[in-house]
Amino acid sequence: MTAILRIGLILISIMSFFIIVRKIRKSKIRIEDGLFWVVFAIILIVFAVFPGIIYFISDLVGAKSPANIVYLIIIGMLLIKLFFMSIQMSLLENKVVNLAQEMALKEKEDRERIK
């Protein structure tokens, strides 16, 4: 892993770590969501500070470049986050449909009582 990539990873990870912590403190992001991003930033910092881990994984997998493994790990983690967000969004959409149906039924009952 090149020095530029290591420095970039460290700087971006530290900046994102502090931004997420600040957003959690100001209650602009849920703790559960913020926790994922904090762990994500910490993992990137560990990879940047201890590049031997990346070299070991790249040798184990047979990748030509350790940077490719870093990108693969980042993409994999983001895909996992996207999957869980899709599940959460589906649950929220179901709740919205149920609430809309309940409201429609209550409005119908109110109209029938008035007549």
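Keep in mind that this is a model prediction, so the values were computed, not measured.

(A) Just the packing of helix 2 (residues 31–49) against helix 3 (residues 51–61), in detail. Put simply, helix 2 and helix 3 touch, their axes get as near as 4 Å, and they point 90 degrees apart. It follows from the interaxial angle that helix 2 and helix 3 lie roughly perpendicular. For the pair formed by helix 2 and helix 3, the contact residues are V46, F47, A48 and V49 on the first element and P51, I53 and I54 on the second. Looking at the contact of helix 2 with helix 3 residue by residue, the class counts come to 7 nonpolar, no polar and no charged.

(B) Focus on a positive patch on the surface. A cluster of basic residues, R22, K23, K26 and K28, forms a positive patch on the protein surface. Relative accessible area serves as the criterion here: at 46%, R22 is assigned to the partly exposed category.

(C) Quick look at the pattern of salt bridges. Applying the stated criterion across every chain, the model contains 4 salt bridges. For the salt bridge of R30 with D33, the shortest nitrogen-to-oxygen distance reads 3.3 Å. With a relative accessible area of 42%, R30 lands in the partly exposed category. For the salt bridge of R113 with D110, the shortest nitrogen-to-oxygen distance reads 3.6 Å. On the criterion of helical spacing, the pair formed by R113 and D110 is a turn pair, its members being 3 residues apart in helix 4 (residues 66–114). For R113, a relative accessible area of 63% puts it in the exposed group. The partly exposed category is assigned to D110, whose relative accessible area is 38%.

(D) Region of the structure containing the UniProt feature "transmembrane region" (unreviewed entry) in the chain. Mapped onto the present numbering, the UniProt feature "transmembrane region" (unreviewed entry) falls on residues 6–22, 34–57 and 69–87. Counted over residues 6–22, helix gives 100% and strand 0%. Its end C-alpha atoms are 24 Å apart. In this annotation, residues 69–87 is assigned 100% helix and 0% strand; the end-to-end C-alpha distance for the span is 27 Å.

(E) Structural view of the nonpolar core. Ranked by size, the top nonpolar core spans 12 residues in total: L5, L9, F40, L44, F47, A48, I54, A67, I69, V70, I74 and M77. Breaking this core down by element, the ones donating at least two residues are helix 1 (3–25), helix 2 and helix 4. Considering every element that reaches this core, the biggest residue donor is helix 4, with 5 residues. Setting aside chain neighbours within four positions, we find I74 in contact with F40 and L44.

(F) A look at the packing of helix 3 against helix 4. Closest axis-to-axis distance for the helix 3/helix 4 pair is 9 Å, and the angle between their directions is 95 degrees. Taken together, the axes of helix 3 and helix 4 are roughly perpendicular relative to one another. Along the contact surface, helix 3 presents I54, Y55, I57, S58 and V61, while helix 4 presents P66, I69, V70 and I73. Here the residues of the contact of helix 3 with helix 4 sort into 8 nonpolar, 1 polar and no charged.

About the cut-offs
- Residues numbered from 1 in each chain as written.
- Predicted model: local features only at pLDDT ≥ 70, side-chain atom pairs only at ≥ 80, totals over all residues.
- Heavy atoms only, no water.
- Axes fitted to C-alpha atoms, helices over the stretch in contact; angles between N-to-C directions.
- Helix = DSSP H or I, 4+ residues; strand = E, 2+ residues; numbered from the N terminus.
- Parallel < 35°, antiparallel > 145°, perpendicular 65-115°, else oblique.
- Contact = heavy atoms within 4.5 Å.
- Nonpolar A, V, L, I, M, F, W, Y, C, P; charged D, E, K, R; others polar.
- Patch = residues over 30% accessible without salt bridge, like charges linked within 9 Å, V, L, I, M, F, W, Y side chains within 5 Å.
- Areas by Shrake-Rupley, 256 points an atom, 1.4 Å probe, with all protein chains shown as cover.
- Salt bridge = Lys/Arg side-chain N within 4 Å of Asp/Glu carboxyl O.
- Lys, Arg positive; Asp, Glu negative; His and termini not counted.
- Charge placed at Lys NZ, Arg CZ, Asp CG, Glu CD.
- Buried < 20%, exposed > 50% of the residue type's maximum accessible area, 1.4 Å probe, protein only.
- UniProt positions renumbered as here; feature names shortened; annotations may be inferred.
- Core = buried A, V, L, I, M, F, W, Y, C linked by side-chain atoms within 4.5 Å.

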